[in-house]
Amino acid sequence: MSQTWDLRSDTATTPTADMLSAMVSAQVGDDVLGEDPTVNTLEQTVARLCGHESALFCVSSTMANQLAIRTHLCNPPESLLCHWDSHIFKYESGGASLHSQAQMIPIKPSTINLTVDDIRGHFIQGNFLGHRAPTHLVALENTLSGVIMPIEDVREISEFTRNMGAQVHMDGSRLWNAATTDKELREYAGLVDSLSLCLSKGMGCPVGALLVGSRQFIDRARHFRKAFGGGWRQAGILAAAGLYAIEHVWPTMPNTHMQAKRLAQGLESLGYVLALPVHTNMVMLDTTKSTSVSTEVLSQALKPRGIILGAVYEESYLRMVLHHQINDECIDIILAVANELAAK
């Protein structure tokens, strides 16, 4: 086997030689003391890109999201609204309850993404004679399973939520995919009070995420990061990877999205059924819909060709996630094997 392609997640990347070179040559200092120049540059760069005052470099998006919730919600009992399939609700170990004493209210929308009507219908205003936990935060996710949340929906939700006296956080772990230009990133970021951005999901870095917000918000989040055990010293080695990714990996995402669409179209032509539309780097195949060749047979047939697939989170779909280290050869092999199986 000459090469292996892992499509289980866009966290399956490895640092390139150029990224490693940037990491090795990074200037470092003590970030707990605010003296790591490379971390400072990364935080300032991302804050500027998002049009916010400040940013905080964290070990992961889970930490960034949980710090955001803890910083926003200071007077329990409180509730936050989120998508029923969101990472914050399903895949962060119940952190909002553990760290912030917050009640999470998951919403299953009528369409793929949340709309202002969904938020309006679940928003808790006041405590109703002490019986309820008022909603003080709405948490959005963009992208969600590779699907882009329309900017108009974000705008309407933000306006409603702020008019109700609450705040908006966006889990933007894969917002790099939804917003592939500075202008688009700033537009989305400008509609929320805080935002997380991952550096390992699709960006090719081994570690890291950023939390973005106002200076006062980030100062308080930095305090909580230390309490969470997230203070780190010479973190510039990791921050250098982030700076490299923003300059060199982020611009490659439109090509990755084209590859995903080509893969999806080829599989659809053979009878496979998409569980969700392909907007960015994910192809979600519905494993419950009948086709001539099952997704399990396809997965097994691809293993000897060096291609790893896997239904990571749910049994109802097979998730195929592309990134900058998935090339055209990989897509060609998948479609060729799928065609061979269909012809049998």
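Everything numeric here is computed off the predicted structure, so don't read it as measured data.

Brief notes about the sheet that holds strand 7 (residues 194–198)
In step 1: Here 7 strands make up an open sheet; going across it, the order is 2-8-7-6-5-3-4 and the pairing mixed. Both edges of this open sheet fall to strand 2 (54–58) and strand 4 (102–107), since each of them pairs with a single strand only. Averaged over all pairs of adjacent strands, the angle between their axes in this sheet comes to 20°, without regard to strand direction.
In step 2: As paired elements, strand 7 and strand 8 (residues 209–213) share 4 bridges and run antiparallel to each other. Among the inter-strand pairings, Ser196 is bridged to a residue of strand 8, identified as Leu211.
In step 3: The strands touched by helix 2 (residues 37–50) are strand 2, strand 7 and strand 8; relative to strand 2, the strand with the most contacts, the crossing angle is about 130°.

Looking at the nonpolar core
In step 1: Counting 53 residues, the largest nonpolar core has Phe57, Ile119, Leu175, Trp176, Leu185, Leu195 and Leu197 as its most contacted members.
In step 2: Other than its neighbours up to four places away in sequence, Leu175 contacts Asn142, Thr143, Met170, Leu185, Tyr188, Leu195 and Leu197.
In step 3: Trp5, Ala260, Leu267 and Val283 belong to the second largest nonpolar core, which has 28 residues in total.

Quick look at the pattern of salt bridges
Once the charged atoms of two side chains with opposite charge are near each other, the side chains can pair.
In step 1: Under the counting rule described, the total for this entry stands at 14 salt bridges.
In step 2: Between Arg233 and Asp30 there is a salt bridge, with its nearest N and O atoms 3.0 Å apart. With Arg233 in the loop between helix 10 (215–227) and helix 11 (236–248) and Asp30 in the loop between helix 1 (17–24) and helix 2, this pair connects stretches of sequence that are 203 residues apart.
In step 3: The class for Arg233 is partly exposed, based on a relative accessible area of 42%.
In step 4: Judged by relative accessible area, Asp30 falls into the buried class, the value being 17%.
In step 5: Connected through salt bridges with shared partners, the residues Arg262, Asp328 and Asp332 form a single ionic network.

Points about the environment of Cys205
In step 1: Mapped onto the elements, Cys205 comes out in the loop between strand 7 and strand 8.
In step 2: Put simply, Cys205 and Pro15 are 190 residues apart on the chain and 6.1 Å apart in space, counted from C-alpha to C-alpha.
In step 3: With residues near it in sequence (within four places) discarded, Cys205 still touches Met19, Leu199, Ser200, Ala241, Gly242 and Ala245.

Some thoughts on the environment of Pro15
In step 1: On the secondary structure map, Pro15 appears in the loop between strand 1 (5–6) and helix 1.
In step 2: Overall, the relative accessible area of 27% leaves Pro15 in the partly exposed class.
In step 3: Note: C-alpha distance between Pro15 and Gly204 (189 residues apart in sequence) is 6.0 Å.
In step 4: When sequence neighbours within four positions are dropped, the list of residues in contact with Pro15 reads Leu20, Gly204 and Pro206.

Let's talk about the packing of aromatic side chains
In step 1: According to the stated counting rule, one finds 3 aromatic pairs in the structure shown.
In step 2: Residues Phe123 and Phe160 carry aromatic rings whose centres are separated by 5.6 Å and whose planes lie at 85° to one another, so their mutual orientation is edge-to-face. A residue pair is termed long-range when its members are at least 10 positions apart, and Phe123 in the loop between helix 6 (116–122) and strand 5 (135–141) and Phe160 in helix 7 (residues 151–163) qualify at 37 residues.
In step 3: What makes Phe123 buried here is its relative accessible area of 12%.
In step 4: An angle of 70° between the planes, with centres 5.0 Å apart, marks the rings of Trp176 and Trp250 as edge-to-face. A residue pair is termed long-range when its members are at least 10 positions apart, and Trp176 in helix 8 (residues 175–178) and Trp250 in the loop between helix 11 and helix 12 (253–268) qualify at 74 residues.

Calculation criteria
- Residues numbered from 1 in each chain as written.
- Predicted model: local features only at pLDDT ≥ 70, side-chain atom pairs only at ≥ 80, totals over all residues.
- Heavy atoms only, no water.
- Pairing = 2+ DSSP bridges.
- Helix = DSSP H or I, 4+ residues; strand = E, 2+ residues; numbered from the N terminus.
- Axes fitted to C-alpha atoms, helices over the stretch in contact; angles between N-to-C directions.
- Contact = heavy atoms within 4.5 Å.
- Core = buried A, V, L, I, M, F, W, Y, C linked by side-chain atoms within 4.5 Å.
- Buried < 20%, exposed > 50% of the residue type's maximum accessible area, 1.4 Å probe, protein only.
- Salt bridge = Lys/Arg side-chain N within 4 Å of Asp/Glu carboxyl O.
- Phe/Tyr/Trp six-rings, centres within 6.5 Å; stacked < 30°, edge-to-face > 60°.

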